[in-house]
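Residues per chain, in single letters:
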Amino acid sequence: MGSPTSILVDDSLWPLNRVTFPRVITNGQQEELFEHTLSHLRRGERFVSLVDFRQLHSLTFEQREQMGRFLRQQTVLMRQWSMGIVALINSPTLALMARVIIHRLKPSVVPYSILASWSAAVSWTADRLDNNGLCEQAQRVRLRLGSSPEGQAG
């Protein structure tokens, strides 16, 4: 999965794509994440993303701009294949930044939620799967992640 300073991507519970950010990221790491995201979008399978920003201290202006640009460029694929994105953020500053990035994409590309609680994020993710007819996968997510120690911020 990479070193402790890598952006970790885990699709072992597919169609759940989990992304965990370290304290600081480089532009190169962000580009790698974009490529990985594109590979998921090009699979031609619907999925939901749980993105854990709890350890991340901040994004640079350039990184925020790149993120917004990436989302705008992938609007068609995102609408077609993403069932939603939940951002797990415990920093009010980062939560505000995320809302600003999303707000600039009027209307929102996909359903999303910004939450501070692991259990709420897992529940939102499983509900998205349920609402899209993937009840078995939703139950698996609830069982595997609902009582996970990953709910503790690192």
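These numbers come from a predicted model, not from an experiment.

1. Re the sheet that holds strand 3 (residues 47-52)
Phase 1 of the analysis: Reading across the sheet, the five strands line up as 1-2-3-4-5 and stay open at both edges, with mixed pairing between neighbours. Lying at the two open borders of the sheet, with one neighbouring strand each, are strand 1 (8-13) and strand 5 (112-115). Ignoring strand direction, the axes of neighbouring strands in this sheet form an average angle of 15 degrees.
Phase 2 of the analysis: In the sheet, strand 1 pairs with strand 2 (residues 16-20) via four bridges, with the strands oriented antiparallel. If you follow Asp10 over to strand 2, its bridge partner there is Arg18.
Phase 3 of the analysis: Here helix 5 (residues 118-131) sits on the sheet and contacts strand 2, strand 3, strand 4 (82-88) and strand 5; the angle it forms with strand 4, its principal contact strand, is near 175 degrees.

2. A short note on the pattern of salt bridges
Phase 1 of the analysis: Tallying each qualifying case throughout the model produces five salt bridges.
Phase 2 of the analysis: Between Asp52 and Arg54 there is a salt bridge; the shortest N-O distance is 2.7 Å.
Phase 3 of the analysis: The class for Asp52 is buried, based on a relative accessible area of 8%.
Phase 4 of the analysis: Arg142 is paired through a salt bridge with Asp127; the nearest N and O atoms lie 2.8 Å apart. With Arg142 in helix 6 (residues 135-145) and Asp127 in helix 5, this pair connects stretches of sequence that are 15 residues apart.
Phase 5 of the analysis: Judged by its relative accessible area of 29%, Arg142 is partly exposed.
Phase 6 of the analysis: Here the salt bridges share partners, and the residues they tie into one network are Asp127, Asp130 and Arg142.

3. Some thoughts on the nonpolar core
Phase 1 of the analysis: Within the largest apolar cluster, 28 residues are counted, with the highest numbers of intra-cluster contacts made by Phe21, Phe53, Leu56 and Ile89.
Phase 2 of the analysis: Contributing elements (two or more residues each) for this core: helix 1 (27-41), strand 3, helix 2 (61-73), helix 3 (75-81) and helix 4 (92-103).
Phase 3 of the analysis: With 16 residues, the next largest nonpolar core counts Leu50, Leu88, Val122 and Leu129 among its residues.

4. Some thoughts on the packing of aromatic side chains
Phase 1 of the analysis: Under the definition given, this model contains three aromatic pairs.
Phase 2 of the analysis: Arranged with centres 4.6 Å apart and planes meeting at 25 degrees, the rings of Phe21 and Phe53 form a pair that is stacked. Here Phe53 lies in the loop between strand 3 and helix 2 and Phe21 lies in the loop between strand 2 and helix 1, a separation of 32 residues in the sequence.
Phase 3 of the analysis: Judged by relative accessible area, Phe21 falls into the buried class, the value being 2%.
Phase 4 of the analysis: Overall, the relative accessible area of 13% leaves Phe53 in the buried class.

5. Overview of the pairing of strand 4
Phase 1 of the analysis: Among the seven residues of strand 4, six are classified as buried, and the element is accordingly described as predominantly covered.
Phase 2 of the analysis: Where strand 3 and strand 4 come together, six bridges link them in parallel fashion. Paired with Val48 across the two strands is Gly84, which belongs to strand 4.
Phase 3 of the analysis: Judged from the four bridges that link them, strand 4 and strand 5 form a sheet pairing that is parallel. Counted as the bridge partner of Val86 is Ser113 from strand 5.

Cut-off values and rules
- Residues numbered from 1 in each chain as written.
- Predicted model: local features only at pLDDT ≥ 70, side-chain atom pairs only at ≥ 80, totals over all residues.
- Heavy atoms only, no water.
- Pairing = 2+ DSSP bridges.
- Helix = DSSP H or I, 4+ residues; strand = E, 2+ residues; numbered from the N terminus.
- Axes fitted to C-alpha atoms, helices over the stretch in contact; angles between N-to-C directions.
- Contact = heavy atoms within 4.5 Å.
- Salt bridge = Lys/Arg side-chain N within 4 Å of Asp/Glu carboxyl O.
- Buried < 20%, exposed > 50% of the residue type's maximum accessible area, 1.4 Å probe, protein only.
- Core = buried A, V, L, I, M, F, W, Y, C linked by side-chain atoms within 4.5 Å.
- Phe/Tyr/Trp six-rings, centres within 6.5 Å; stacked < 30°, edge-to-face > 60°.

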